[in-house]
Amino acid sequence: MIPFLDLLSMNMQYEEELHRAFQRVLQSGRFVMGEEYKAFEKEFASFCGAPHCIGVANGLDALRLIIRGYKVLGKFEEDDDILVPANTYIASILAITEEGLNPILIEPDAQSLNINPLLLQDSLTAKTKAIMPVHLYGQLADMEEINIFAKAHDLLIIEDAAQAHGATAKSGLRAGALGDAAGFSFYPGKNLGALGDGGAVTTNDEKLAQVIRALANYGSHQKYHNIYKGLNSRLDELQAAFLRVKLPHLDQETNVRRDIATFYDEKINNPLITKPLIPSFSPSHVWHLYVIRTEGREALEAYLKEKGVGTLIHYPIPPHKQVAYHDYNAKSFPVTEDIHDKILSLPLGPVMTREQCKFIVELLNDYA
């Protein structure tokens, strides 16, 4: 069996370091917002090239706190609009609606599967205050065009970088430093994954960083003095310690992911299978997922499962077709719907062997 993602092996390669990290936290006697938490914030901010990082409980909270922070600062009001890709995980949409704003869904580019900057103008209204580009599957959205558009229309940019740790633009800036603020997830399956849940906000805005730090701590900078209606959303001290172990290895693991993606691209040869676009600038993609498209996806999924290869679908139902967003169900986003009907994610991870990759390629090339 080739699992879709071998989380056990991915973490066991750092077993001794993780044990030492656990002992540091245990012996410190400080389990919330201690030295590991503070150190990881500095290290991850440096990694992203952002001045500020705030560790939070998960990726959804990271996005929610950015939006709530901008409301506190008077940049957003209830019922304002945020432009966001229709082709995304539902967390991007939940973050917007949970804070009382409106997600305005934008179709993706049919090749990159990221938000199409050419369609932003058509959805612009007097209530539009921000764009939330999602770096889906680990590939940067077209941030150059998005930044040009945002500046022309005085819009904030909130990056959903949950899948794009380390993705780098031609400018040399990484995800997390390409807009005004960014939300990251450290869910275990992410390229930088904790051994539990976790997330972070990065930003170049000192005032926003101060507000979010308070909002994530019950709305308080000082214990028992609450100036905002906040949340309890703090990156756990133990998870911060584990992430500090794994962060120095992230670039090397990303290079392994890129090698596998290149191998798949060069070796998969089947007219029934559409491979993902390989960007001309390699650092802009960290290959969180390698997502192919095919008609009759369920047949290919069953074929690979029978042969011992695990796959997943990211994602089977687009947000506007979810029961939770029944008010959106009648809307039509044909590019998004076509993508969600055809996509299938292949195994790709930093501990995969070349023999496993070859076996998967042979199965795909034999598929009829």
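As a reminder, the structure under discussion sits directly above these lines.
Report follows, based on the coordinates. Note that this is a predicted model, so its numbers are computed, not measured. Here the residue numbering is sequential within each chain, running from 1 through the sequence in written order. At least 70 in pLDDT is required for a residue's local features to be given in this predicted model, at least 80 for side-chain atom pairs to be given and counted, and no such filter applies to totals for whole chains, interfaces and linings, which use all residues. With hydrogens and water set aside, each side-chain value is computed from the structure's full complement of heavy atoms.

**Some points on the overall build of the protein chain**
- Secondary structure counts use DSSP, requiring at least four H or I residues in a row for a helix and at least two E residues in a row for a strand, with both numbered from the N terminus. Across its full length, the protein chain carries 12 helices and 11 strands.
- We compute the radius of gyration over the C-alpha atoms and compare it with the globule rule, which gives 2.2 Å times the number of residues raised to the power 0.38. For the protein chain, whose C-alpha radius of gyration is 20 Å, the value lies close to the compact-globule estimate of 21 Å for 368 residues.
- With the C-alpha coordinates aligned to their principal axes, the bounding extent of the protein chain is approximately 65 × 55 × 40 Å.
- In the protein chain, once contacts between residues fewer than 6 apart in sequence are set aside, the share between residues at least 24 apart is 70%.
- Areas reported here follow the Shrake-Rupley algorithm with a probe of radius 1.4 Å; residue values treat only the protein chains shown as occluding. Carbon together with sulfur atoms contributes 51% to the accessible area of the protein chain, which is approximately 16100 Å² in total.
- Of the side chains in the protein chain, 35 bear a positive and 47 a negative charge, and the two mean positions are spaced by 4 Å. We call two residues contacting when some pair of their heavy atoms lies within 4.5 Å. Asp and Glu count as negative and Lys and Arg as positive, but His and the ends of the chain are not part of the count. Charge positions come from single atoms, namely NZ of Lys, CZ of Arg, CG of Asp or CD of Glu.

**What about the packing of helix 4 (residues 59-72) against helix 7 (residues 206-215)?**
- In this analysis an axis means a line fitted to C-alpha atoms, helices contributing only their contacting stretch, and an angle means the value between N-to-C directions, from 0 to 180 degrees. Close contact between helix 4 and helix 7 brings their axes to 9 Å; oriented N to C, the two are set at 115°. One element, helix 4, and the other, helix 7, form an angle in the roughly perpendicular class. Crossing handedness for the pair helix 4 and helix 7: right-handed. Only Leu-208, Val-211, Ile-212 and Leu-215 of helix 7 make contact with helix 4, whose side of the interface consists of Leu-65, Ile-66, Arg-68, Gly-69, Tyr-70 and Val-72. Angle categories are assigned with fixed cut-offs, so that under 35 degrees is roughly parallel, over 145 is roughly antiparallel, 65 to 115 is roughly perpendicular, and the rest are oblique. Rotating anticlockwise by less than a right angle from the far helix to the near helix defines a left-handed crossing, while the corresponding clockwise rotation defines a right-handed one.

**Focus: the packing of aromatic side chains**
- Pairing of aromatic rings covers Phe, Tyr and Trp, the last through its six-membered ring, and needs centres within 6.5 Å; plane angles under 30 degrees mean stacked, over 60 mean edge-to-face, and all others mean tilted. Going through the model one piece at a time under the given rule, you end up with 11 aromatic pairs.
- Of the aromatic side chains, those joined through ring pairs into one cluster are Phe-40, Phe-44, Phe-47, Phe-184 and Phe-186.
- Between the NZ or CZ atom of Arg-174 and the centre of the ring of Phe-47, over which it lies, the distance is 4.1 Å.
- When the NZ atom of lysine or the CZ atom of arginine is within 6 Å of a ring's centre and also within 35 degrees of its normal, the charge is said to sit over that ring. Here Arg-354 stacks its cationic end above the ring of Phe-263, 4.4 Å away from the centre of that ring.

**Some words on the side chain of Asn-116**
- Inspection of the secondary structure puts Asn-116 in the loop between strand 3 (102-106) and strand 4 (128-131).
- Among residues more than four places away in sequence, those in contact with Asn-116 are Ile-106, Glu-107, Pro-108 and Asp-109.

**A closer look at the pairing of strand 1 (residues 52-56)**
- Burial classification: accessible surface area is computed with a 1.4 Å probe over protein chains only, and a residue below 20% of its type maximum counts as buried, one above 50% as exposed, and the rest as partly exposed. Among the 5 residues that make up strand 1, 4 are buried, leaving the element largely enclosed by the rest of the structure.
- Criterion used throughout: strands pair if DSSP finds at least two bridges between them. As defined by bridge partners, strand 1 adjoins strand 7 (residues 199-203) across 5 bridges and the pair is classed as antiparallel. Each bridged residue has a counterpart across the sheet, and for Gly-55 the counterpart in strand 7 is Ala-200.

**Here's the deal with empty space enclosed by the protein**
- A cavity here means a set of 1 Å grid points, computed over protein atoms only, where a 1.4 Å probe fits but cannot escape. A pocket is an open set with protein on both sides within 12 Å along at least 5 of 7 lines, and lining residues have an atom within 4 Å of a point. Grid points are joined across faces, edges and corners, and a volume is the space filled by probe spheres set on the points. Using the criterion set out here, one finds 2 cavities of 30 Å³ or more in the structure.
- Its boundaries defined by the atoms lining it, the largest cavity holds a volume of some 120 Å³.
- Taken together, 13 residues line the largest cavity, and the ones lying closest to its centre are Ser-112, Leu-113, Tyr-137, Gln-139 and Pro-276.
- Looking at the lining of the largest cavity residue by residue, the classes come out as 8 nonpolar, 4 polar and 1 charged.
- As for the second largest cavity, its lining consists of Met-10, Lys-190, Asn-191, Gly-193, Lys-246 and Glu-253.
- Here the residues of the lining of the second largest cavity are counted per class, giving 1 nonpolar, 2 polar and 3 charged. Ten residues, namely Ala, Val, Leu, Ile, Met, Phe, Trp, Tyr, Cys and Pro, are considered nonpolar, four, namely Asp, Glu, Lys and Arg, are considered charged, and the remaining ones, Gly among them, are considered polar.

**Let's talk about a nonpolar patch on the surface**
- Residues Phe-22, Leu-26, Phe-31 and Val-32 make up a contiguous nonpolar surface patch of about 340 Å² in total accessible area.
- Note that Phe-31 resides in the loop between helix 2 (15-28) and helix 3 (35-48).
- The exposure class of Phe-31 is partly exposed, given its relative accessible area of 43%. Patch membership needs two things, relative accessible area over 30% and no salt bridge, and members are linked within 9 Å if like-charged or within 5 Å if nonpolar (Val, Leu, Ile, Met, Phe, Trp, Tyr). A carboxyl oxygen of Asp or Glu within 4 Å of a side-chain nitrogen of Lys or Arg is what we treat as a salt bridge.

**A word on helix 3**
- What a helix is expected to span follows from its residue count: subtract one and scale by 1.5 Å. Its 14 residues place the ends of helix 3 20 Å apart at the C-alpha level, agreeing with the 20 Å of an ideal helix rising 1.5 Å per residue.
- Inspection of helix 3 places Glu-36, Tyr-37, Ala-39, Phe-40, Glu-41, Phe-44, Ala-45, Phe-47 and Cys-48 among the buried residues, and these make up the whole buried set.

**Some points on the pairing of strand 6 (residues 181-185)**
- Most of strand 6 sits out of view: 5 of its 5 residues are buried.
- Side chains of strand 6 alternate between two faces, with Ala-181, Gly-183 and Ser-185 and Ala-182 and Phe-184 buried alike.
- Sheet analysis places strand 5 (residues 156-160) next to strand 6, joined by 3 bridges and oriented parallel. Bridge pairing links Glu-159 to Ala-182 in strand 6.

**Here's the deal with the side chain of Thr-202**
- Locating Thr-202 in the fold gives a position in strand 7.
- By relative accessible area, Thr-202 is classed as buried at 0%.
- Within polar-contact distance, the side chain of Thr-202 engages the backbone oxygen of Gly-176 at 2.8 Å.
- Sequence-distant contacts of Thr-202, defined by excluding residues within four places in its chain, comprise Phe-44, Cys-48, Ala-50, His-52, Cys-53, Gly-176, Ala-181, Ala-182 and Phe-184. Two N or O atoms count as a polar contact when they lie within 3.5 Å, although within protein this holds only if one can serve as hydrogen donor and the other as acceptor, and sequence-adjacent residues are included solely when both atoms are side-chain atoms.

**Thoughts on the environment of Ile-96**
- Relative to the assigned elements, Ile-96 resides in helix 5 (residues 90-98).
- With a relative accessible area of 0%, Ile-96 lands in the buried category.
- With 53 residues separating them in the primary sequence, Ile-96 and Phe-149 have C-alpha atoms 20 Å apart.
- Non-local contacts of Ile-96, meaning those with residues more than four positions away in its chain, are made with Ile-67, Ile-82, Val-84, Leu-101, Asn-102, Pro-103 and Met-132.

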